[in-house]
Protein chains: 2
Amino acid sequence: MEERQISKAVIKRLPRYYRYLGEMLNNGVERISSGELSTKMQVTASQIRQDLNNFGGFGQQGYGYNVKFLYDEIGKILGVDKKHPMIIIGGGNFGHALANYDFEKNGFITKAIFDVRPSLVGTDVRGIPVLMMDELEDFVAREHIEIAVLTLPKDRVAETADRLVRCGIKALWNFAHLDLKVPDDVVVENVHLVDSLMQLSYRISSYENEHKKEEV
Amino acid sequence: MEERQISKAVIKRLPRYYRYLGEMLNNGVERISSGELSTKMQVTASQIRQDLNNFGGFGQQGYGYNVKFLYDEIGKILGVDKKHPMIIIGGGNFGHALANYDFEKNGFITKAIFDVRPSLVGTDVRGIPVLMMDELEDFVAREHIEIAVLTLPKDRVAETADRLVRCGIKALWNFAHLDLKVPDDVVVENVHLVDSLMQLSYRISSYENEHKKEEV
DNA sequence: TAGATTGTTAATCGATTAACAATC
DNA sequence: TAGATTGTTAATCGATTAACAATC
């Protein structure tokens, strides 16, 4: 049971490795050394080897890593080799945009969009039906939904999250600007756009401050 | 010039402090101690005090922190006390959704949406005009645009980023799944949704693996 | 075999937490 | 003044980088 806990920092880097390897694969690259990869990705070769060795020895001394093999292995680690049935809660602009996004190729399949507005009954996005919230419980159970994407108004998020948890949902991808409280066995991943924008703005100001003195 | 470099980890936490303080302010809370805040936010009081002291002594021994004062100070640090003129490049679903988002209250003012599709000429989102890409250079200069939001197809992002850099843009908020190469004086903040979703999926699998053995 | 490059241990660096003197 | 709580230094913990023996 006690596989040593992988640090968050490592997990965060995996999708980026996966992306770079995918591109190499497309370009017909067969093998890569940690050294070359480190140059491409602007990280240290040491870090790449350490990160990968958390999960097993994927390389070979004197050769490096086979791109296809490593790509697939990281895919398995990330779980993108499996299908993840998903629903979007909130049929507004953002929910719409996400429904149009091509997450399928990584295994994330959007099965429905849920909303409360009766005007949306019978509509669909790319064939993904918009359903009313009173169908939620049945649908989640029937379609074995794993992930719910929360793109609804802030004041309705908390109750909706609770409701989803009661349905047995495994994971919440939360776009609302608010920290959710859920049981330990439910995974929450936040996308706080405002936070991201604020970090951007901090970095603009801090860059300006650093360079103010130089232009006398 | 050499104000000691603030670590990325600290910057990442600031917007969250800002949000919690904003809520307290709305609820009429006047003062808060690092201890109380630590309970609310689920971080250590030590960390809060360390984080804040990177920027100055905002508190008072025996009293704690004045909520309004601290809120304003963090706002200044993040630069949300200033106006940041912004444009969105890409009038698709995502660009649309972002144009509808209420970033104004934090100082981020969307001035225009740019696209290449002639069918969008003359349209607008909440009064924000959709303009054609050939007007880009003039508009950025005239309106002193600081931030460009990149929500366009992957294959056109790199050239567009270059073009924006040549216009003298200060910051790119990049939603494309791709690492941008820009000069040192241009700030890039990435929102890689696919990466976020993959981390979510990793955590689902890893939770399942950890608990597999228990259900014999 | 010789050269290359991994896997892994050890050293360094940085971030978080604990402790406490300063002070309101 | 006594109590509370900060600001700040010191201790701990974890993550990154360097080094190198193992091995393909």
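Residues numbered from 1 in each chain as written. Chains lettered and ligands numbered in written order. Predicted model: local features only at pLDDT ≥ 70, side-chain atom pairs only at ≥ 80, totals over all residues. Heavy atoms only, no water.

Asks: Which residues make up helix α7 (residues 154–167) of chain A, and what are the values?
Replies: Residue and element names in this part refer to chain A. The terminal C-alpha atoms of α7, which comprises 14 residues, lie 20 Å apart, in line with the 20 Å expected from a rise of 1.5 Å per residue. Every buried residue of α7 is listed here: Val157, Thr160, Ala161, Leu164 and Val165. Where the residues of α7 are buried, they touch β4 (84–89), α6 (136–142), β8 (147–150) and β9 (171–174). Positioned one or two residues after α7, glycine 168 has a phi angle of 90°, which is positive. (Helix = DSSP H or I, 4+ residues; strand = E, 2+ residues; numbered from the N terminus. Expected span 1.5 Å × (residues − 1). Buried < 20%, exposed > 50% of the residue type's maximum accessible area, 1.4 Å probe, protein only. Contact = heavy atoms within 4.5 Å.)

Asks: Give a description of the interface of chain B and chain A that names residues and reports values.
Replies: At the junction of the two partners, chain B supplies 64 residues and chain A supplies 64 residues. Overall, the association of chain B and chain A removes approximately 6,000 Å² of surface from exposure, summing both partners, and the carbon and sulfur fraction of that is 62%. The tally of links between chain B and chain A comes to 10 salt bridges. For the salt bridge of lysine 170 of chain A with glutamate 208 of chain B, the shortest nitrogen-to-oxygen distance reads 2.6 Å. Within the residue set of the side of chain B that touches chain A, elements represented by two or more residues are α1 (8–26), α4 (67–78), β4 (84–89), α5 (93–100), β9 (171–174), β10 (187–190) and α8 (193–212) of chain B. The leading source of residues in the side of chain B that touches chain A is α8 of chain B, at 16 residues. (Buried area = accessible area lost by both parts, 1.4 Å probe. Salt bridge = Lys/Arg side-chain N within 4 Å of Asp/Glu carboxyl O.)

Asks: Outline the pairing of strand β7 (residues 128–132) of chain B, listing residues and values.
Replies: Residues and elements named next belong to chain B. The buried fraction of β7 amounts to four of the five residues, a majority that puts the element mostly inside the structure. Where strand β6 (residues 124–125) lies against β7, two bridges are found, and the strand directions are antiparallel. Bridged to valine 125 within β7 is isoleucine 128. With antiparallel pairing between neighbouring strands as the criterion, β6 and β7 make up a hairpin whose turn holds two residues, including arginine 126 at a positive phi of roughly 55°. (Pairing = 2+ DSSP bridges.)

Asks: Describe the packing of aromatic side chains, listing the residues and the values that go with them.
Replies: For any pair of aromatic rings, the description rests on two quantities: the centre-to-centre distance and the angle between the ring planes. For the structure shown, the criterion picks out 17 aromatic pairs over all chains. Each ring, one from tyrosine 101 of chain B and one from phenylalanine 103 of chain B, has its centre 4.5 Å from the other, and the planes form 10°; the classification is stacked. Of the residues examined, tyrosine 101 of chain B reaches a relative accessible area of 22% and is grouped as partly exposed. Residue phenylalanine 103 of chain B is classed as buried on the basis of its relative accessible area of 2%. Connected via pairs of aromatic rings, a cluster forms that spans Phe94, Tyr101, Phe103, Trp173 and Phe175 of chain A together with Phe94, Tyr101, Phe103, Trp173 and Phe175 of chain B. Of note, arginine 31 of chain A hangs over the ring of tyrosine 63 of chain A, and the distance from its end group to the ring centre comes to 4.6 Å. (Phe/Tyr/Trp six-rings, centres within 6.5 Å; stacked < 30°, edge-to-face > 60°. Lys NZ or Arg CZ within 6 Å of the ring centre and 35° of its normal.)

Asks: I'd like a rundown of the sheet that holds strand β10 (residues 187–190) of chain A, residues and numbers included.
Replies: What links the strands of a sheet is backbone hydrogen bonding, and the strands pair in either a parallel or an antiparallel sense. Residues and elements named next belong to chain A. Ordered in space as β6-β7-β5-β4-β8-β9-β10, the seven strands form an open sheet in which the pairing is mixed. Of all strands in the sheet, those with a lone pairing partner are β6 (124–125) and β10, marking the two edges. One ladder, built from four bridges, connects β8 with β9; its direction is parallel. Its bridge partner being in β9, isoleucine 147 is matched across the sheet by alanine 171.

Asks: I'd like a description of the UniProt feature "domain: CoA-binding" (unreviewed entry) in chain A, backed by residues and values.
Replies: Feature annotation in UniProt places "domain: CoA-binding" (unreviewed entry) on residues 79–179 of chain A, given in this structure's numbering. Note that residues 79–179 of chain A is 29% helix and 29% strand, and that its end C-alpha atoms are spaced 25 Å apart. (UniProt positions renumbered as here; feature names shortened; annotations may be inferred.)

Asks: An account of the nonpolar core is needed here, citing residue identities and associated values.
Replies: Ranked by size, the top nonpolar core spans 103 residues in total, and within it Trp173 of chain A together with Trp173 of chain B carry the most contacts. Those residues in contact with tryptophan 173 of chain B that sit more than four places away from it in its chain are Leu193, Ser196, Leu197 and Leu200 of chain A together with Phe103, Ile147, Ala148, Val149, Leu150, Glu189 and Val191 of chain B. (Core = buried A, V, L, I, M, F, W, Y, C linked by side-chain atoms within 4.5 Å.)

Asks: Go over the domain arrangement of chain A with me, naming the residues and quoting the values.
Replies: According to the domain assignment, chain A consists of domain 1 (8–76) and domain 2 (84–195). On a C-alpha basis, the centres of domain 1 of chain A and domain 2 of chain A stand 32 Å from each other. (Domains from an automatic or database assignment.)

Asks: Which residues make up the relation of the copies chain B and chain A, and what are the values?
Replies: With an RMSD of 0.0 Å, the operation that places chain B on chain A is a rotation of 180° combined with a shift of 0.0 Å along the axis. Given the turn and translation reported, the copies of this chain are related as if by a two-fold rotation axis. Mapped onto chain A, 100% of the interface residues of chain B again fall at the interface, so both copies present the same surface. (Least-squares fit on C-alpha atoms with pLDDT ≥ 70 in both.)

Asks: Explain the side chain of arginine 19 of chain A to me, and be specific about the residues and the numbers.
Replies: By the element assignment, arginine 19 of chain A lies in helix α1 (residues 8–26). Residue classification places arginine 19 of chain A among the buried residues on the basis of a relative accessible area of 7%. Side chain to side chain, arginine 19 of chain A and aspartate 179 of chain B meet in a polar contact 3.3 Å long. Once you skip the residues sitting within four places of it in the chain, arginine 19 of chain A turns out to touch His177, Leu178, Asp179, His192 and Asp195 of chain B. (Polar contact = N/O pair within 3.5 Å; in protein donor to acceptor, adjacent residues only side chain to side chain.)

Asks: So what's going on with the protein's contact with DNA strand D? Which residues, and what values?
Replies: Taken together, 26 residues surround DNA strand D, and among them Ser46, Gln50 and Gln60 of chain A together with Ser34 and Gln50 of chain B come closest. Expressed as a percentage, the sugar and phosphate content of the atoms of DNA strand D within 4 Å of the protein is 60%. Here threonine 44 of chain A contributes a side-chain N or O atom positioned 3.0 Å from a phosphate oxygen of DNA strand D. For the surface near DNA strand D, the leading source of residues is helix α3 (residues 45–53) of chain A, giving four residues. (Near = heavy atom within 4 Å.)

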